[in-house]
Protein chains: 2
Amino acid sequence: MTEYRRLRVALLGAGAVGSQVASLLLEHADELADRAGATLELAGIAVRDIDAPRDVDLPRELFTTDPETLIVGSDIVIELIGGIEPARTHILQAITSGADVVTANKALLATHGAEIFDTADQVGASVYYEAAVAGAIPIIRPLRDSLAGDRVHRIMGIVNGTTNYILDRMDAEGAEFDDVLAEAQALGYAEADPTADVEGYDAAQKAAILASLAFHTAVPLEAVHREGILGIDKAMMDAARHAGYVIKLLAVCERLAGETDASATGEAISVRVYPALVPRTHPLASVHGANNAVFVQAEAAGDLMFYGAGAGGIQTASAVLGDVVSAARRHIAGGVGVGESTRANLPVVAIGRVTTRYQITLEVEDLPGVLATIAGILSDGRVSIATVEQNILTGSDDLAPGAAPGTGVARLVIGTHTAREQDLSETVDRLAASDVVARVVSVLRVEGD
Amino acid sequence: MTEYRRLRVALLGAGAVGSQVASLLLEHADELADRAGATLELAGIAVRDIDAPRDVDLPRELFTTDPETLIVGSDIVIELIGGIEPARTHILQAITSGADVVTANKALLATHGAEIFDTADQVGASVYYEAAVAGAIPIIRPLRDSLAGDRVHRIMGIVNGTTNYILDRMDAEGAEFDDVLAEAQALGYAEADPTADVEGYDAAQKAAILASLAFHTAVPLEAVHREGILGIDKAMMDAARHAGYVIKLLAVCERLAGETDASATGEAISVRVYPALVPRTHPLASVHGANNAVFVQAEAAGDLMFYGAGAGGIQTASAVLGDVVSAARRHIAGGVGVGESTRANLPVVAIGRVTTRYQITLEVEDLPGVLATIAGILSDGRVSIATVEQNILTGSDDLAPGAAPGTGVARLVIGTHTAREQDLSETVDRLAASDVVARVVSVLRVEGD
């Protein structure tokens, strides 16, 4: 056995991830020491309730209900409590007392990241957070280090496992949203209150973290445009499949050229979360189940994709331990920590200024001249038509509630060229108000083609 | 403009990758300085012939034919000459003179990696080589850092773009190997002498590097079992497709339990490159064209995949620059470099001790009792049959040269359960020698199911 320097590690939180981290730190102590070049001594585990049931058996003497005392004198503090407080206070205490911090806390980083990174910069500490986005998938380190000499143009991420599981099941089985959600809840893939997942809040936090890192810009959570998957139904999934697409909840982080006078280069960024049509041939389309994947387009590197399990206690623990080893190596090597570089500070544009392609599905009166009227509305709105497909629906069960009985009704699926979101949205309002349109069935953005 | 400390960067080589690296260092100087926290001053570019044609225009005054003088006083030396000498001598000079080294030289690392990493360890320098494996895809950093707290069980990599391009075209178009190779050569995807690619030498070098890193063991190139794709023909591709597989050239790095008395844990590793049948549903099956992908299975993280462009001057330059920024950050932060951890030193087993599933295709006499004879030979050889499919071939153009005219000939496709390579190989010899077997058409390993 090599004799290593000992580093004192404090663990805050012993939930699904924390208990796995503690267990791996104890079980793999020798191997971790060889990797880190230091013995990682788990000094204690701060929890609210020492007697709470845990996923794994851990030595009772490690537990404490006093995180402040545990943090004092620690070299590395692992924060796995989650949420804003007391996690924020503990992390700031750890940094100012000279520790490096490892955290998986996406909510905290998305809202108080700047404060935490600034504080770390001032004292030369490092904050590691590979586990905060996409679980075990290494994406923070590739963005921060591997692509540091490149320019990221665009990220499209499937970063929420619950919604990907739901959409994937709806796609594969032609099931309805409510049925799949109920099943996902029964299987533990979805929370009893699924709001954070299905309304895109979780994905929006991760999008803010990814965009901040990729574009060297502090992106506030409020600047992330967010739409969830509550509006996605079986009919939309079926139509998407028919047209060669699959619907995925995407976190899109995009660099826009010539968008602003606020930066020297005219560059701005857009950060948004919404369900979008993804071509079946795109690598993201084959991300199934609760898996995550992050697709990155960079100027020099071209297209990259990172794929794996996006959640799970043991998987996320892997990412946490990788960060712990990095923090330990830095302690051994000496020198100060290198903070986040947020020097580009690009403005974040509102969703209205974003351009994508769209697919608009309408139910219209099946009368002569209808298509000309609709084409006119689109053209007036600066939305250019790429494809049109028409199906006669009269007599089908699918007859629109708004259509007069006995009238011929047709379904029109319009694929647009790239259009500006604001133009598109105003045009859809005008379509909805038009006499010839019975119903706007759906409006979906198309990404990745 | 922030005032940064200046770091002196020496570039050795100005080929496809080197000229792109120089160009990006000059063009993106301000952004790179913001990322690195240091101004990266390109001090010079050492080449053999200053007047050789280059892919990009570079200031003539940067060129020199004297690498030794350029290296002296440099903070970061980028080696992009390739091959063993003089690259090895230059890298050792750079390390001992106090520089950090960035290299894309897979041949050198696969053969002299231990010498280079040991020398760097002694002086506290760092060697970065993200570009040596899978071009722009971040795989070195994820293995070294992100998974440092985990245990890698298995890596399956498509790490040679040329052979993946050839196999993908053969699969998609039903084309013959020679035709696709000729076209790949015309398009510049394959070298005039394609030996290094099609015989698996390039993939074997990358496999040695990946295995060394994943298993913390210095894996000599000679320990890598290597087979190329020269034996793969249209008929094998068609049969694979029919059976739900695609043939890929894989670099497989595997941790084996209970294999040896030489290590405390009984663990050993296997490192091998060969064409294998991959199920169509496996993520590696959808890696098309000249792309690369590395599929990693780790104890805690589960399955991960890293995907992107495996080669190309500009793509590889992205990985080189990421390493340059990392090296610069380390210089600014201070402290010593952290070397490779190769403390596990697991033994590498010979190919004969590896176990996989196999698919054996035979042409046999179509007579009663033949299947029983063959099943007997397999069973005697400790090879257990999972599936058998038989097609009558008599009268077809596909009649085996070894079959007597007028005899009934059948094709037998046998899928085995997991078998030991040595047992399998001896069994195939016995099959080939048997009276009832006209020809052993192919023996392929199955990976990833």
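Residues numbered from 1 in each chain as written. Chains lettered and ligands numbered in written order. Predicted model: local features only at pLDDT ≥ 70, side-chain atom pairs only at ≥ 80, totals over all residues. Heavy atoms only, no water.

Heads up, the condition is: UniProt positions are given in the numbering used here, feature names are shortened, and annotations may be inferred rather than shown by experiment.
An unreviewed UniProt entry lists chain A under the name Homoserine dehydrogenase, with Microbacterium pullorum given as the organism. On record in UniProt, under Sequence similarities (unreviewed entry), the comment for chain A is "Belongs to the homoserine dehydrogenase family." Recorded under Function (unreviewed entry), the UniProt text for chain A is reproduced unchanged: "Catalyzes the conversion of L-aspartate-beta-semialdehyde (L-Asa) to L-homoserine (L-Hse), the third step in the biosynthesis of threonine and methionine from aspartate."

## Quick word on the interface of chain A and chain B
Here is the rule: Note on contacts: a residue pair qualifies if any of its non-hydrogen atoms lie within 4.5 Å across the two residues. Put simply, buried area is the surface a 1.4 Å probe can reach on two separate parts but cannot reach once they are joined, added for both. Salt bridges, as used here, are contacts in which a Lys or Arg side-chain nitrogen is within 4 Å of a carboxyl oxygen on Asp or Glu. Pairing of N or O atoms within 3.5 Å defines a polar contact, subject to two protein rules: one partner must be a possible hydrogen donor and the other a possible acceptor, and residues neighboring in sequence count only if both atoms are side-chain atoms. Strands here mean DSSP runs of E at least two residues long; helices mean DSSP runs of H or I at least four residues long; both are numbered from the N terminus. Ten residues, namely Ala, Val, Leu, Ile, Met, Phe, Trp, Tyr, Cys and Pro, are considered nonpolar, four, namely Asp, Glu, Lys and Arg, are considered charged, and the remaining ones, Gly among them, are considered polar. At least two DSSP bridges between two strands are required for those strands to pair.
Of the residues lining the interface, 49 residues belong to chain A; the matching set on chain B comes to 49 residues. Note on chain A versus chain B: buried area summed over both sides is about 4,100 Å², and carbon and sulfur give 56% of it. Sorting the residues of chain A by area buried against chain B places Arg35, Tyr307 and Arg329 of chain A first, and these three jointly supply 15% of that buried surface. Summed over the shared surface of chain A and chain B, the result is four salt bridges. Our count for the contact surface shared by chain A and chain B stands at 16 residue pairs in polar contact (both at pLDDT 80 or more). Looking at the side of chain A that touches chain B, the elements that each hand over two or more residues are helix 2 (29-36), helix 6 (140-146), strand 12 (302-309) and helix 12 (313-333) of chain A. No other element matches helix 12 of chain A, which puts nine residues into the side of chain A that touches chain B. Considered class by class, the residues forming the side of chain A that touches chain B number 24 nonpolar, 12 polar and 13 charged. Looking at chain direction, strand 12 of chain A and strand 12 (residues 302-309) of chain B are connected through five bridges and run antiparallel. Each bridged residue has a counterpart across the sheet, and for Gly308 of chain A the counterpart in strand 12 of chain B is Leu304 of chain B.

## With respect to the side chain of Arg141 of chain B
Basically, it comes down to this: Only protein chains enter the accessibility calculation, which uses a 1.4 Å probe; a residue whose area is less than 20% of its type maximum is buried, one above 50% is exposed, and one in between is partly exposed.
Locating Arg141 of chain B in the fold gives a position in helix 6 (residues 140-146). Exposure remark for Arg141 of chain B: the relative accessible area of 4% places this residue in the buried category. Side chain to side chain, Arg141 of chain B and Ser146 of chain A meet in a polar contact 3.1 Å long. Apart from the residues lying within four places of it in its own chain, the contact partners of Arg141 of chain B are Asp145 and Ser146 of chain A together with Glu130, Ser146, Gly322, Asp323 and Ser326 of chain B.

## Structural notes on the domain arrangement of chain A
Residue and element names in this part refer to chain A. Convention followed: Domain start and stop points were drawn from an automatic or database domain assignment.
Split by domain assignment, chain A resolves into domain 1 (6-132 + 314-333), domain 2 (140-309) and domain 3 (354-446). At the junction of domain 1 with domain 2, the criterion picks out three salt bridges. For the salt bridge of Arg141 with Asp323, the shortest nitrogen-to-oxygen distance reads 2.8 Å. Connecting domain 1 to domain 2 are five residue pairs in polar contact (both at pLDDT 80 or more). Of all the secondary-structure elements, those providing two or more residues to the side of domain 1 that touches domain 2 are helix 5 (106-123) and helix 12. When residues in the side of domain 1 that touches domain 2 are grouped by element, the largest group, five residues, is from helix 5. Here the residues of the side of domain 1 that touches domain 2 sort into six nonpolar, four polar and three charged.

## Side note on the packing of helix 13 (residues 370-380) of chain B against helix 14 (residues 421-433) of chain B
Residue and element names in this part refer to chain B. Our working rule: Between the N-to-C directions of two axes lies an angle of 0 to 180 degrees, each axis being a line fitted to C-alpha atoms and, for a helix, fitted only over the stretch in contact. Roughly parallel refers to an angle under 35 degrees, roughly antiparallel to one over 145, roughly perpendicular to one between 65 and 115, and oblique to any angle outside these ranges. Throughout, a crossing is termed right-handed when the near helix is turned clockwise from the far one, and left-handed when it is turned anticlockwise from it by less than a right angle.
Two numbers describe how helix 13 lies on helix 14: the axes approach to 9 Å, and their chain directions differ by 150°. On the basis of their axis angle, the class for helix 13 and helix 14 is roughly antiparallel. Here the hand of the crossing between helix 13 and helix 14 comes out right-handed. The segment helix 13 lies against helix 14, with Ile374, Ile377 and Leu378 engaging Thr427, Arg430 and Leu431.

## Details of a nonpolar patch on the surface
All names here are of chain A. For the record, the criterion: Residues forming no salt bridge and having over 30% relative accessible area are the ones grouped into patches, like charges within 9 Å of each other and nonpolar side chains (Val, Leu, Ile, Met, Phe, Trp, Tyr) within 5 Å. Only the protein chains shown count as covering a residue, and every accessible area follows the Shrake-Rupley method with a 1.4 Å probe.
A contiguous nonpolar surface patch, about 210 Å² in accessible area, is contributed by Leu371, Ile385 and Val388. Relative to the elements of secondary structure, Ile385 occurs in strand 14 (residues 385-392). The partly exposed category is assigned to Ile385, whose relative accessible area is 30%.

## Overview of the packing of helix 2 (residues 29-36) of chain B against helix 12 (residues 313-333) of chain B
Residue and element names in this part refer to chain B. Viewed as axis vectors pointing N to C, helix 2 and helix 12 meet at an angle of 50°, and their least axial separation amounts to 9 Å. In terms of orientation, helix 2 and helix 12 fall into the oblique class. Crossing angle aside, the handedness with which helix 2 passes helix 12 is right-handed. Note on element contacts: helix 12 touches helix 2 through Leu321, Val325, Ala328, Arg329 and Ile332, opposite Leu32, Arg35 and Ala36. Residues of the contact of helix 2 with helix 12, tallied by class, amount to six nonpolar, no polar and two charged.

## Some words on the side chain of Asp323 of chain B
Residues and elements named next belong to chain B. Assignment of secondary structure puts Asp323 in helix 12. Take Asp323: its relative accessible area is 1%, and that puts it in the buried class. Excluding residues that lie within four positions of it along the chain, Asp323 makes contacts with Val102, Tyr128, Tyr129, Glu130, Ala131 and Arg141.

## Considering the sheet that holds strand 6 (residues 127-128) of chain A
Sheet strands pair via backbone hydrogen bonds, and the direction of the pair is either parallel or antiparallel. All names here are of chain A. One open sheet accounts for six strands, arranged 3-2-1-4-5-6; its pairing is parallel. The open sheet has two free edges, formed respectively by strand 3 (63-64) and strand 6, since each of these has just one partner strand. The pairing of strand 4 (residues 76-79) with strand 5 (residues 100-103) spans four bridges and is parallel. Along strand 5, the bridge assignment pairs Val77 with Val101. Where helix 4 (residues 87-96) meets the sheet, its contacts fall on strand 1 (6-12), strand 4, strand 5 and strand 6, and the angle it forms with strand 5 comes to roughly 150°. The sheet strands contacting helix 12 are strand 1, strand 2 (39-46), strand 4, strand 5 and strand 6, and the helix crosses strand 5 at an angle near 170°.

## Comments concerning unusual backbone geometry
Residue Pro86 of chain A is bonded to the preceding Glu85 of chain A through a cis peptide linkage, with omega at 10°. In this structure, Ala134 of chain A takes a positive phi of about 60° despite not being glycine. Topologically, Ala134 of chain A is positioned in the loop between strand 6 and helix 6. A positive phi angle, close to 60°, is found at Arg382 of chain B, a residue other than glycine. In this fold, Arg382 of chain B is placed in the loop between helix 13 and strand 14 (385-392).

## Notes on the sheet that holds strand 4 (residues 76-79) of chain B
Residue and element names in this part refer to chain B. Spatially, six strands are ordered 3-2-1-4-5-6 in an open sheet, and the strand pairing comes out parallel. Each edge of the open sheet is held by one strand with a lone partner, namely strand 3 (63-64) and strand 6 (127-128). Along the sheet, helix 1 (residues 16-27) contacts strand 1 (6-12), strand 2 (39-46) and strand 4; its crossing angle with strand 2, the most-contacted strand, is approximately 145°.

## A short note on the packing of aromatic side chains
Put simply, the rule is: Under the pairing criterion, centres of Phe, Tyr and Trp rings, with the six-membered ring standing for Trp, must be within 6.5 Å; the plane angle then separates stacked pairs below 30 degrees from edge-to-face pairs above 60, leaving the rest tilted.
For the coordinates displayed, the defined rule picks out five aromatic pairs over all chains. Here Phe306 of chain A and Phe306 of chain B contribute two aromatic rings whose centre-to-centre distance is 6.1 Å and whose plane-to-plane angle is 90°, an arrangement assigned as edge-to-face. Here Phe306 of chain A, found in strand 12, pairs with Phe306 of chain B, found in strand 12, and the two come from separate chains. Of the two residues, Phe306 of chain A and Phe306 of chain B, both sit in the buried class. Centre to centre, the rings of Phe117 of chain B and Tyr129 of chain B are 5.5 Å apart; their planes meet at 45°, and the pair counts as tilted. One end of the pair, Phe117 of chain B, is in helix 5 (residues 106-123); the other, Tyr129 of chain B, is in the loop between strand 6 and helix 6, with 12 residues separating them in the sequence.

## Overview of the environment of Ser23 of chain B
Note that Ser23 of chain B resides in helix 1. Taking C-alpha positions, Ser23 of chain B is 33 Å from Asp168 of chain B, a pair spaced 145 residues apart along the chain.

## A few points about the relation of the copies chain A and chain B
As a reminder of what qualifies: To line up the copies, we fit them by least squares on C-alpha atoms, keeping just the residues with pLDDT of at least 70 in both.
By a simple turn and slide, chain A fits onto chain B: the slide is 0.0 Å along the axis, the RMSD is 0.1 Å, and the turn is 180°. Here the symmetry operator amounts to a two-fold rotation axis.

## Observations concerning helix 2 of chain B
Residue and element names in this part refer to chain B. Taken together, the buried positions of helix 2 are occupied by Leu32, Ala33, Asp34, Arg35 and Ala36. In the core, the buried residues of helix 2 are packed alongside helix 1, strand 2 and helix 12. Gly37 sits one or two positions beyond helix 2 and adopts a positive phi of about 75°.

## Thoughts on the pattern of salt bridges
Residue and element names in this part refer to chain A. By the definition in use, this model includes 63 salt bridges over all chains. Asp202 is the salt-bridge partner of Lys106, the closest N and O atoms lying 3.4 Å from each other. Residue Lys106 is located in helix 5, and its partner Asp202 is located in helix 10 (residues 201-215); the two are separated by 96 residues in the primary sequence. Note on Asp202: relative accessible area 9%, which makes it buried.

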